[in-house]
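# Inside the fold
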Amino acid sequence: MRRRPFGGRGLVPRSANWGLTPSAALASCACPSCCPPLGPRLPWAVWALLVLATPVALAQPPAPLTRGTYLAADGKAAPIEWQPTGLTATDTGEALRLEVEPKAKGTADSAPLTLAPLRLYTITMTCRRGPGLGLLVWVRWVGAEGKAGARQMVWQLPDRWRINWFPLSPLRNTYAQRFCLPPGAREVYLQIALTGHPDTGYNYFDLYELIIARGAEVPFGTRLGPNLLPVGDMETVADSGMALGWSFWGADPGAKVLEKDAQDRPAHSGRRFLSFPAGKNCTLAGGIAPVQSGRAYRLSLWARGTGDIGFGAQSLEETQGQRVDDAQVTHVHVEAADWQEFSAIWFAAGLYTVSANPFMGIGPRTDLDLDDVMLQLIEP
Ligand SMILES: [Ca+2]
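Residues numbered from 1 in each chain as written. Predicted model: local features only at pLDDT ≥ 70, side-chain atom pairs only at ≥ 80, totals over all residues.

### Thoughts on the overall build of the protein chain
- For the protein chain, the count of helices and strands is two helices and 21 strands.
- Expressed as a percentage of the 380 residues in the protein chain, the buried residues total 32%.
- Taking the intrachain contacts of the protein chain between residues at least 6 apart in sequence as the baseline, contacts between residues at least 24 apart amount to 73%. (Helix = DSSP H or I, 4+ residues; strand = E, 2+ residues; numbered from the N terminus. Buried ≥ 20, exposed ≤ 12 C-beta atoms within 10 Å, placed from the backbone. Contact = placed C-beta atoms within 7 Å.)

### Some details on the confidence of the model for the protein chain
- Chain-level pLDDT for the protein chain is 87 on average; 84% of the residues reach the 70-or-more range.
- Low pLDDT, under 50, characterises residues 1–42; the stretch is placed with 38 contacts to residues that sit more than four places away or in other chains. (pLDDT = per-residue confidence, 0-100.)

### Concerning the pairing of strand S2 (residues 77–85)
- With five bridges connecting them, strand S1 (residues 65–71) and S2 associate as antiparallel partners. Among the inter-strand pairings, leucine 65 is bridged to a residue of S2, identified as tryptophan 82.
- Where S1 hands over to S2, the hairpin turn is made up of five residues, of which glycine 75 adopts a positive phi near 85 degrees.
- Here S2 runs beside strand S5 (residues 105–110); their pairing, made up of four bridges, is antiparallel. Bridge pairing in S5 places proline 84 opposite alanine 108. (Pairing = 2+ DSSP bridges.)

### Some words on the nonpolar core
- Ranked by internal contacts, the top residues of the largest apolar core, which has 80 residues, are Leu98, Ile192, Leu194, Phe205, Tyr297 and Leu375.
- Taken domain by domain, this core gets at least three of its residues from each of domain 2 (65–217) and domain 3 (223–379). (Core = buried A, V, L, I, M, F, W, Y, C linked by C-beta atoms within 7 Å. Domains from an automatic or database assignment.)

### Thoughts on the pairing of S5
- Because side chains alternate across S5, one face comprises the buried residues Gly106, Ala108 and Ser110, and the other comprises Lys105, Thr107 and Asp109, none of which is buried.
- Where S5 and strand S10 (residues 186–195) come together, five bridges link them in antiparallel fashion. Residue pairing for S10: threonine 107 is matched across the bridge by alanine 193.

### Thoughts on the environment of leucine 65
- Examined against the element boundaries, leucine 65 turns out to sit in strand S1.
- Judged by local crowding, leucine 65 falls into the partly exposed class, with 18 C-beta atoms found within 10 Å.
- Between the C-alpha atom of leucine 65 and that of proline 79, which follows or precedes it by 14 residues, the distance is 9.8 Å.
- Residues in contact with leucine 65, not counting those within four places in the same chain, are Glu81, Trp82, Ala89, Asp91 and Leu96.

### A few points about the environment of valine 218
- For valine 218, the position within the fold is in the loop between strand S11 (204–217) and strand S12 (223–227).
- Sequence separation between valine 218 and glycine 294 is 76 residues; the distance between their C-alpha atoms is 6.3 Å.
- Discounting chain neighbours no more than four positions away, the residues touching valine 218 are Leu118, Arg119, Leu120, Cys180, Gly294, Arg295, Ala296 and Phe347.

### Section: unusual backbone geometry
- Located in the positive-phi region is methionine 234, a residue other than glycine, with phi close to 60 degrees.
- Looking at the element boundaries, methionine 234 is found in the loop between S12 and strand S13 (247–248).
- A tally of 28 C-beta atoms within 10 Å means that methionine 234 is categorised as buried.
- The backbone of glutamine 328 shows a phi angle near 55 degrees, a positive value even though the residue is not glycine.
- Relative to the helices and strands, glutamine 328 resides in the loop between strand S19 (323–325) and strand S20 (330–347).
- By the C-beta count within 10 Å, which is 25 here, glutamine 328 ends up buried.

### Details of the environment of glycine 286
- Among the structural elements, glycine 286 can be located in the loop between strand S16 (282–285) and strand S17 (289–290).
- Linking glycine 286 and glycine 232, residues 54 residues apart in sequence, is a C-alpha distance of 7.6 Å.
- Once residues within four sequence positions are removed from consideration, glycine 286 is found in contact with Leu229, Val231, Gly232, Gly245, Trp246, Pro358, Phe359 and Val373.

Here's what the structure looks like:
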């Protein structure tokens with residue numbers, strides 16, 4: 001194997017062989033460890049350059065890029081290390097700068113964070129975003145059953161809510177959000193995901209500081225509070241013929257409130273259920289239920305038929321009902337000849353969350369029936 005002229009791991013720029021071809025550079029290599037007999041014949045100026053260049057060329061891989069701290073399990077603040085993929089990461093001294101090429105995607109993943117499930121954590125992030133840069137920040141983990149879990153940080157301000165579709169500012173600013181990991185969550189890390197804008201040329205993200213602070217434990221147990229979503233039983237029919245309290249975001253697929261399905265089978269409970277025709281995808285939204293900040297809820301539904309359902313709840317703030325946190329959507333495949341229950345844990349963890357607006361994306365492969373959508377506080 002041919003050695004590189006100056007031994008580095010690709011760290012030596014092309015210009016470092018001073019215009020010699022690789023073989024010529026090797027033949028006249030002046031490093032003392034490589035071929036000392038040729039060394040003394042080099043002019044002193046070249047020696048000086050070599051002495052200056054060698055520490056760089058022989059340097060070990062750079063130390064991990066660190067920026068930010070979190071309160072680790074031992075109660076001490078630990079630095080957060082970042083591993084870039086598909087992007088350029090540099091420490092400018094003032095900030096960790098992440099940059100992608102136009103249209104390119106890149107990520108910076110943190111080293112694993114020893115964060116505990118069922119505890120509130122608040123992330124405070126001081127940063128600026130190149131205008132046009134697509135930017136998402138995720139908390140990711142492996143769940144109890146080995147399934148990947150993720151929560152997008154819908155950034156708020158430390159002292160007031162902000163509309164979730166406003167991108168982060170090109171000016172230095174501080175944002176915050178709070179989250180809670182479900183039971184059994186492990187291998188937790190943060191991910192900063194960048195998508196370069198094709199035209200602007202401002203595809204950078206400067207992270208000045210990021211602090212994950214530990215808050216209260218979230219009460220959790222096996223008892224469930226009363227159902228907070230009374231319209232979920234599909235028993236009351238509105239003037240439109242639709243189940244009272246429910247509506248579609250986008251196209252109405254022609255869903256009907258029924259008392260019996262085509263096989264003459266009844267509702268899961270009461271007299272009625274909501275039925276979706278095969279092949280028509282839709283997004284169904286229910287009523288709004290008040291929730292307690294910092295608590296865990298069980299979101300559940302009963303379904304019959306074949307299809308796919310993604311269900312979650314929008315987190316709403318108090319004054320205008322704007323969305324202020326990740327909707328925490330859970331995807332399930334339904335293949336149920338008879339009524340089957342599906343459920344997920346939903347956290348009212350967002351900094352300004354006061355109510356929950358359950359919704360679901362429904363992709364029925366056959367007729368798909370829905371009944372008894374419920375939201376219940378999980379009690380210790
Ligand atoms: Ca019912």
